[in-house]
Amino acid sequence: MANATLNQKSSFNSKGELQLPVSEFRSWISKEPKARFPPENGRYHLYVSYACPWAHRTLIVRALKGLESVVPVTVVHPVLNSAETWRFAAGCDDIQGENMRSDPLHPNFRHIRELYRLAEPGYIGRCSVPVLWDSGEETVVSNESSEIIRMLNREFGEFVNAEGDEIDLYPEELRPQIDQVNDWIKAGMAKTQAAYSTAVKMLFECLDRVEEHLTSTPGPYYFGSSVTEVDVRLYVTIIRFDTVYGHLFKANMKTIRHDYPHIHKWLRNLYWNHEAFRKTTNFEHIKKGYYRSMTFLNPEAIVPEGPIPDILPLTC
Ligand SMILES: N[C@@H](CCC(=O)N[C@@H](CS)C(=O)NCC(=O)O)C(=O)O
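An unreviewed UniProt entry lists the protein under the name S-glutathionyl-(Chloro)hydroquinone reductase, from Neophaeococcomyces mojaviensis.

Next comes the structure, spelled out in structure tokens:
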């Protein structure tokens, strides 16, 4: 299953297959006694882009757990300039969005790169989002979404709201199945015809598997009656599918809305019936983010008008 990273310059191996870099900041917020980063109200800050699927995961989990006021968020401008890295909003931007603003913690910062360099002077690695920032130590706790969502799910017990408390996205009894699905939700993108043909076929085989699975479960979630990490991780890819991946990455063997009725129903249920999914999905940022940033795939930076609507209603 493809999750396409929003990068100006992705790394490819000699066969033209995408190579995903490893995230460099991997500390944990933990409620263990004496933890370096204990859960605290207002201490941590999330820096995200609505365009980025990995950052989107963290926004959904933060909302599902009711942690919006505990872990504030700043949304960057959706168009990535790889030389300068993600930039904070400026007053004159033509694109708006909730929580899109200048950095409230470092008002003189213009780019995400400055956070990384404050955390590690001389840092020359990748300056990706999401960033989970610790305003206590002025450092990056983590820039790995799969780990940030586990921290938000598990470590903020005393701060989550009543609804969030009912939700465990990684419950003990489902862990083997969740790990198995996570294993094949991998990034895909290619630079040669052969690598593309292999990747695109694999991608649609994965979608076929998801469709088949959803045909045989009562739903409305991937594993039945409770939302899990798998719903979050699949959602951020599938919501971008018809609007971006099908066109920009030529993943056009089928569309979600026309060819996968069970995935389509599962997707629309999450979007229309759950604020945590709907509120964190900003189609303008997603489309402008991908089509204007990935100019090596879309040199004129033209943003397509369709599909219209971005997502179909619940009943159609
Ligand atoms: N492994 C990271 C990947 C995050 C990632 O690749 N983010 C992209 C946007 S979708 C990014 O910030 N790219 C900027 C860059 O590489 O310069 C995670 O899951 O958190």
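Following the structure, the description resumes.
> Just checking my understanding: could you explain the overall build of the protein for this structure?
Check the secondary structure of the protein and you find 12 helices and 6 strands. For the protein, the C-alpha radius of gyration of 19 Å lies close to 20 Å, the compact-globule estimate for 316 residues. Across its three principal axes, the protein shows a C-alpha extent of roughly 50 × 45 × 40 Å. Excluding contacts between residues fewer than 6 apart, the proportion of contacts in the protein whose partners are at least 24 apart in sequence is 73%. Here the protein displays about 14300 Å² of accessible surface, and carbon together with sulfur accounts for 50% of that area. Each charge class in the protein can be summarised by its mean position, and for the 35 positive and 40 negative side chains these summaries are 4 Å apart.

> Explain the pattern of salt bridges to me, please; I cannot follow it from the model alone.
Pairing between side chains of opposite charge can happen when their charged atoms approach one another. Scanning the entire structure with this criterion turns up 15 salt bridges. What emerges from the salt-bridge pattern is a single network uniting Glu40, Arg43 and Asp134.

> Would you mind showing me how to read the packing of aromatic side chains here?
Aromatic ring pairs are described here by two measures, namely the spacing of the ring centres and the angle between the planes. Per the stated rule, a full pass over the model turns up 15 aromatic pairs. A centroid spacing of 5.2 Å and a plane angle of 20 degrees characterise the contact between Tyr116 and Tyr123, whose relative ring orientation is stacked. In terms of burial, Tyr116 and Tyr123 fall into one category: buried. Between Tyr222 and Phe223, the aromatic rings sit 5.0 Å apart at their centres with planes inclined by 85 degrees, giving edge-to-face as the arrangement. Residue classification places Phe223 among the partly exposed positions, given a relative accessible area of 21%. A connected cluster of aromatic rings, assembled from ring pairs, spans Phe204, Phe241, Tyr245, Phe249 and Tyr290.

> Can you help me understand the pairing of strand β6 (residues 139–142) in this one?
The two faces of the sheet receive side chains in turn, since in a regular strand these alternate between them. Relative to β6, strand β5 (residues 131–134) runs antiparallel, the two being bridged by 3 bridges. Looking at the pairing, Trp133 lines up with Val140 of β6. Counted along the chain from β5 to the antiparallel partner β6, the turn is 4 residues long, and its residue Glu138 has a positive phi close to 55 degrees.

> Before we go on, may I ask you to explain the packing of helix α8 (residues 241–248) against helix α12 (residues 283–293) in this structure?
Any two packed helices are characterised by the angle at which their axes cross and by the distance between the axes. Taken N-terminus to C-terminus, the directions of α8 and α12 make an angle of 10 degrees; their axes are 10 Å apart at the nearest point. Taken together, the axes of α8 and α12 are roughly parallel relative to one another. With respect to the hand of their crossing, α8 and α12 are arranged in right-handed fashion. Only Phe283, Ile286, Lys287, Tyr290 and Tyr291 of α12 make contact with α8, whose side of the interface consists of Thr243, Val244, Tyr245, His247 and Leu248. Taken together, the residues that form the contact of α8 with α12 break down as 7 nonpolar, 2 polar and 1 charged.

> Is there a simple way to think about the environment of Val75 in this case?
Turning to its location among the elements, Val75 is positioned in strand β4 (residues 73–75). It is 9.8 Å that separates the C-alpha atoms of Val75 and Ala55, two residues lying 20 residues apart in sequence. Setting aside its immediate chain neighbours within four residues, Val75 contacts Val48, Tyr50, Glu98, Asn99, Met100, Arg101 and His285.

> Quick question: what am I supposed to make of the domain arrangement of the protein here?
Much of the literature gives interface size as the accessible area that the parts lose upon coming together. Each assigned domain of the protein is listed with its residue range as follows: domain 1 (11–166) and domain 2 (172–274). The distance between the C-alpha centroids of domain 1 and domain 2 comes to 24 Å. Interface of domain 1 and domain 2: buried area, both sides summed, is about 1400 Å²; carbon and sulfur atoms make up 64% of it. Scanning the region where domain 1 abuts domain 2 turns up 2 salt bridges. A salt bridge links Arg150 to Asp179; the shortest N-O distance between them is 4.0 Å. The tally of links from domain 1 across to domain 2 stands at 4 residue pairs in polar contact (both at pLDDT 80 or more). For the side of domain 1 that touches domain 2, the elements supplying multiple residues, two or more each, are α1 (53–64) and α3 (145–154). The biggest single contributor to the side of domain 1 that touches domain 2 is α1, with 6 residues. Grouping the constituent residues of the side of domain 1 that touches domain 2 by class yields 11 nonpolar, 3 polar and 4 charged.

Conventions we followed
- Residues numbered from 1 in each chain as written.
- Predicted model: local features only at pLDDT ≥ 70, side-chain atom pairs only at ≥ 80, totals over all residues.
- Heavy atoms only, no water.
- Helix = DSSP H or I, 4+ residues; strand = E, 2+ residues; numbered from the N terminus.
- Rg over C-alpha atoms; globule rule 2.2 N^0.38 Å.
- Contact = heavy atoms within 4.5 Å.
- Areas by Shrake-Rupley, 256 points an atom, 1.4 Å probe, with all protein chains shown as cover.
- Lys, Arg positive; Asp, Glu negative; His and termini not counted.
- Charge placed at Lys NZ, Arg CZ, Asp CG, Glu CD.
- Salt bridge = Lys/Arg side-chain N within 4 Å of Asp/Glu carboxyl O.
- Phe/Tyr/Trp six-rings, centres within 6.5 Å; stacked < 30°, edge-to-face > 60°.
- Buried < 20%, exposed > 50% of the residue type's maximum accessible area, 1.4 Å probe, protein only.
- Pairing = 2+ DSSP bridges.
- Axes fitted to C-alpha atoms, helices over the stretch in contact; angles between N-to-C directions.
- Parallel < 35°, antiparallel > 145°, perpendicular 65-115°, else oblique.
- Left-handed = near helix turned anticlockwise from the far one by under 90°.
- Nonpolar A, V, L, I, M, F, W, Y, C, P; charged D, E, K, R; others polar.
- Domains from an automatic or database assignment.
- Buried area = accessible area lost by both parts, 1.4 Å probe.
- Polar contact = N/O pair within 3.5 Å; in protein donor to acceptor, adjacent residues only side chain to side chain.

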